[in-house]
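# Residue-level structure breakdown
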Amino acid sequence: MEIDERHEEDVVVLILRGGLRAGAGGDTLRERVEDLSGNGHRKIVVDQAEGSCVDSAGLGELVACCTT
């Protein structure tokens with residue numbers, strides 16, 4: 001999975017490419033969201049439009065990101 005980033009005013013858009021599934025970058029997404037949050041960003045959008053799939057582990061990572 002690849003993550004591209006775009007800033008629109010006070011919103012950070014994370015664009016996911018590839019699958020968000022067990023062993024395929026979920027930790028990378030969580031680390032990126034934690035880093036952004038730690039730097040004061042509070043409005044983060046995850047764009048999965050270009051992603052190929054999400055399994056239950058990937059969904060768990062998205063939920064973990066929301067609680068961050």
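Reference entry: report on the structure contained in this document. (Residues numbered from 1 in each chain as written. Predicted model: local features only at pLDDT ≥ 70, side-chain atom pairs only at ≥ 80, totals over all residues. Heavy atoms only, no water.)

## Points about the nonpolar core
The biggest cluster of nonpolar side chains holds eight residues, and these are Val12, Leu14, Leu16, Leu20, Leu29, Val33, Leu36 and Cys65. Residue assignment for this core shows that the elements contributing at least two residues are β2 (11-20) and α1 (26-38). The dominant element in this core, judged by the number of residues it contributes, is β2, at four residues. (Core = buried A, V, L, I, M, F, W, Y, C linked by side-chain atoms within 4.5 Å. Buried < 20%, exposed > 50% of the residue type's maximum accessible area, 1.4 Å probe, protein only. Helix = DSSP H or I, 4+ residues; strand = E, 2+ residues; numbered from the N terminus.)

## A short note on unusual backbone geometry
Comment: phi is negative for the bulk of residues other than glycine, and the bulk of peptide bonds are trans. Even without being a glycine, Glu9 presents a positive backbone phi close to 55°. With relative accessibility at 83%, the residue Glu9 sits in the exposed group.

## Concerning the pattern of salt bridges
Counted according to the given criterion, the structure contains seven salt bridges. Between Arg30 and Glu61 there is a salt bridge, with its nearest N and O atoms 2.5 Å apart. Residue Arg30 is found in helix α1, and its partner Glu61 is found in helix α2 (residues 56-67); the two are separated by 31 residues along the sequence. Residue classification places Glu61 among the buried positions, given a relative accessible area of 13%. (Salt bridge = Lys/Arg side-chain N within 4 Å of Asp/Glu carboxyl O.)

## Observations concerning the environment of His41
With respect to the helices and strands, the residue His41 is situated in the loop between α1 and β3 (43-47). Measuring from C-alpha to C-alpha, the distance between His41 and Glu61 comes to 19 Å, with 20 residues separating the pair along the chain. Not counting residues within four places of it along the chain, the set of residues in contact with His41 comprises His7, Val12 and Leu36. (Contact = heavy atoms within 4.5 Å.)

## Quick notes on a nonpolar patch on the surface
On the surface, Val54, Leu59 and Val63 cluster together into a nonpolar patch covering about 250 Å² of accessible area. Within the secondary structure, Val54 sits in strand β4 (residues 51-54). (Patch = residues over 30% accessible without salt bridge, like charges linked within 9 Å, V, L, I, M, F, W, Y side chains within 5 Å. Areas by Shrake-Rupley, 256 points an atom, 1.4 Å probe, with all protein chains shown as cover.)

## As for the state of the cysteines
Per the stated rule, a full pass over the model turns up zero disulfides. Among the cysteines around Cys53, which has no disulfide bond, Cys65 carries the closest sulfur, lying 16 Å off. Free of any disulfide, Cys65 has its nearest neighbouring cysteine sulfur in Cys66, separated by 7.1 Å. Residue class for Cys65 comes out buried when judged on its relative accessible area of 10%. (Disulfide = S-S within 2.5 Å.)

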